[in-house]
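# Examination of the molecular architecture
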Amino acid sequence: MRIPILAANWKMNLSRREAKNLVEDLLKVAFPVQQREVVICPSFHLLSEVGSLLEGKANYGLGAQNVYWKESGAFTGEVSPTMLRDCGCSHVIIGHSERRGYFHETDKDCFAKVEAALQHNLVPILCVGESLEQREAGKTKEVVLGQLQGALKGQSVSSGDKLVIAYEPIWAIGTGKTDTPEGAESTIAVLRQELGNLFGERIAQQVRLLYGGSVNAGNVDALMAQPNIDGALVGGASLKAESFARIVNYQTQASLAN
Ligand code: 13P
């Protein structure tokens, strides 16, 4: 069974005080049951502080939003996997479309970052997703499969629970336009199939595949009801304790029936 992951990508937001208030509020209202994981991904300057607030909290993890693949040295402005571990990180987002778009990160960069994360026991949350033009040209699956292969083909993955993929269509990020649950499911199912080609069926069935792009309190239940969607990577709605708590406490079909 794959344990769902509800991940918060705070992007470049929040002061230390705001972050502290948000995490304290969240811990009062979000109750990840044993079979749910929550990962908070703040900006670098908040990692230690948020890590301390989450220390000892069952089912909560800490993630960075980026990593460099070298261990140490003259790489001004970069942060290594060892440094992330030192701050208490368990996860790291790699290849977010904002990094690919604004900072020209390539699939080759993503490969090196995923490799470095895996070697340092950090769970990579590898992001893939198509632009609106690519979608309208019917190229969604081709684009996301290319990104998946580019970052993963040739990696050594010993266990599927050490790898997370987030499908985030670029046109759905921060726009209020979500992919339909069926549309997201169909793309994510294709990604899982490709993971089977790359690493074998056992590992493919262990990897958590998340959907991201305007996930909110109102659409999370329907997305999470899809068989291949194992969680959400949430931007805007993760910046408010109430909305992110509702996402963490999403309702399953079984709980709605009760
Ligand atoms: P929004 O939830 O704000 O659309 O952002 C999604 C995202 O980019 C998460 O990584």
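Above this text you will find the structure in question.
This section reports on the structure supplied with the text. Each chain carries its own residue numbering, running from 1 in the direction its sequence is written. Given that this is a predicted model, residues contribute local features only at a pLDDT of at least 70 and side-chain atom pairs are listed and counted only at 80 or more, while totals for whole chains, interfaces and linings are drawn from all residues. Only hydrogens and water are set aside; all other atoms, that is, all heavy atoms of the structure, feed into the side-chain values.

### Examining the pattern of salt bridges
Here, a salt bridge means any Lys or Arg side-chain nitrogen found within 4 Å of an Asp or Glu carboxyl oxygen. For the structure shown, the criterion picks out 14 salt bridges. Where Asp 25 meets Lys 28, a salt bridge forms, and the shortest distance between an N and an O atom there is 3.6 Å. Taken as a pair, Asp 25 and Lys 28 lie in helix α1 (residues 16–29) at a separation of three residues, close to a single helical turn. Partly exposed describes any residue whose relative accessible area lies between the buried limit of under 20% and the exposed limit of over 50%, with all areas from a 1.4 Å probe on protein chains only and scaled to the type maximum. Residue classification places Lys 28 among the exposed residues on the basis of a relative accessible area of 57%. Among the ionic pairs, Arg 246 bridges to Asp 221, the shortest N-O distance being 2.7 Å. With a gap of 25 residues between them, Arg 246 in helix α11 (residues 241–248) and Asp 221 in helix α10 (residues 220–224) connect regions that are remote in the sequence. Of the residues examined, Asp 221 reaches a relative accessible area of 16% and is grouped as buried. Numbering of helices and strands runs from the N terminus, with a helix taken as a DSSP run of H or I at least four residues long and a strand as a DSSP run of E at least two residues long.

### Some remarks on the state of the cysteines
Two cysteine sulfurs form a disulfide in these notes if their separation is within 2.5 Å. What the rule picks out here adds up to zero disulfides. Here Cys 41 is not disulfide-linked; the sulfur of Cys 89 is the nearest cysteine sulfur, at 8.1 Å. Here Cys 89 is not disulfide-linked; the sulfur of Cys 87 is the nearest cysteine sulfur, at 5.8 Å.

### What about unusual backbone geometry?
Backbone geometry at Leu 14 places phi at a positive 85°, although glycine is not the residue there. Of note, the phi angle at His 104 is positive, near 60°, even though the residue is not glycine. Relative to the elements of secondary structure, His 104 occurs in the loop between α4 (97–102) and α5 (107–119).

### Section: the packing of α5 against helix α7 (residues 140–152)
Packed helices, taken two at a time, are described by the angle between their axes plus the distance between the axes. Between N-to-C directions, angles span 0 to 180 degrees; the directions come from axes that are lines fitted to C-alpha atoms, helices contributing only their stretch in contact. The interhelical angle for the contact between α5 and α7, taken along N-to-C directions, is 45°, at an axis separation of 7 Å. The orientation of α5 relative to α7 falls into the category oblique. Here α5 runs over α7; the crossing is right-handed. Side by side, α5 and α7 meet where Asp 107, Cys 110, Phe 111 and Val 114 of the first sit next to Gly 146, Gln 147, Gly 150, Ala 151 and Leu 152 of the second. Our angle categories are set so that under 35 degrees counts as roughly parallel, over 145 as roughly antiparallel, 65 to 115 as roughly perpendicular, and the remainder as oblique. Take the far helix as the reference: if the near one is turned anticlockwise from it by less than a right angle, the crossing is left-handed, and if turned clockwise, right-handed. Any two residues whose heavy atoms approach within 4.5 Å are treated as being in contact.

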